[in-house]
Amino acid sequence: MNNTPLRRKRTVVLTFDDACRSHIEIVAPILKQYGFGATFFICRFDDEWRAKHEKHLLTAPEIRRLADSGFEIGNHTWNHPSLQQRSASECNTEIVRLNQFLQDAGVPPPVSFAYPGGPYAANAAPLLAASFRGARTTEQRPWHPKADDPMRIPAIPIQGEDKQRFYQAVEQTRHDNTVVLVFHGVPDPVHEWVNTPPHLFAEYMQYLHQNGFRAASMREILFEHGLNHPESDQ
Ligand SMILES: [Zn+2]
């Protein structure tokens, strides 16, 4: 259909979870250097945990700065619960509370969501479909926007020292699909099991740049496939 030159370029979607301060200190400057788009999925966790780890977490003004500089801000719930075990009203509270926080921070209403912990939650999907254009899982395969359920977008987590995982993931991109990558902190002192060392992240982004990849936010891909416009829903 809409075969613009952009669509012919191999595309990866870059997503960053859990509102780590390294997202603004280390990740955003590297992305800007290459003109890469990305989605930052924000959650807040409970008050006690957040107070304890405050210096490693993004503040509301920092989240606003990421949005103002063109990055997408997505909803990752307030307290990062496993949605599969929650009632509809609990899921709703988690989503609405985070959206309110983003609104108070001056961030546009999110169109993208990421399931906490990664697994698809069928019980939450109808609620999410009413609030968002797309919802990201961590089902590890490429994303075919024309074929996949937008409330069940697959993505591949990248973490640790295993470089092959990154290179194998991006090699799966084709002209009609994209690969969504999930990063946490770069580095991540509070979630060490999902840490990405900064020197590896720099290497990955340089590889994408040198090999002619386009790096986009989830929102950009949803827009391109007409999955984003509330006006066109009827
Ligand atoms: Zn998370």
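Since this is a predicted model, take the numbers as computed values, not measurements.

Caption draft 1: Structural view of the overall build of the protein. Of regular secondary structure, the protein possesses nine helices and eight strands. Scaling as 2.2 N^0.38, a compact globule of 234 residues should have a C-alpha radius of gyration of about 17 Å, and the protein matches this with 17 Å. Structurally, the protein occupies a C-alpha span of about 45 × 45 × 30 Å along its principal axes. When contacts within the protein are restricted to residue pairs at least 6 apart in sequence, long-range pairs at least 24 apart make up 69% of them.

Caption draft 2: The environment of H144, seen in detail. Mapping H144 onto the fold places it in the loop between β5 (134–136) and β6 (156–157). Through-space distance from the C-alpha of H144 to that of V179 is 8.7 Å; in sequence the pair is 35 residues apart. The residues contacting H144, other than those within four sequence positions of it, are D176 and N177.

Caption draft 3: Structural view of the nonpolar core. The biggest cluster of nonpolar side chains holds 61 residues, and the ones touching the most others in it are I42, V180 and L181. The element contributing the most residues to this core is strand β7 (residues 178–183), with five residues. In this view, L181 contacts V12, V13, L14, T15, A155, I156, I158 and A169; residues no more than four positions away in its chain are not counted.

Conventions and cut-offs
Residues numbered from 1 in each chain as written. Predicted model: local features only at pLDDT ≥ 70, side-chain atom pairs only at ≥ 80, totals over all residues. Helix = DSSP H or I, 4+ residues; strand = E, 2+ residues; numbered from the N terminus. Rg over C-alpha atoms; globule rule 2.2 N^0.38 Å. Contact = placed C-beta atoms within 7 Å. Core = buried A, V, L, I, M, F, W, Y, C linked by C-beta atoms within 7 Å. Buried ≥ 20, exposed ≤ 12 C-beta atoms within 10 Å, placed from the backbone.

Bear in mind that shape data such as this cannot, by itself, settle questions of function.
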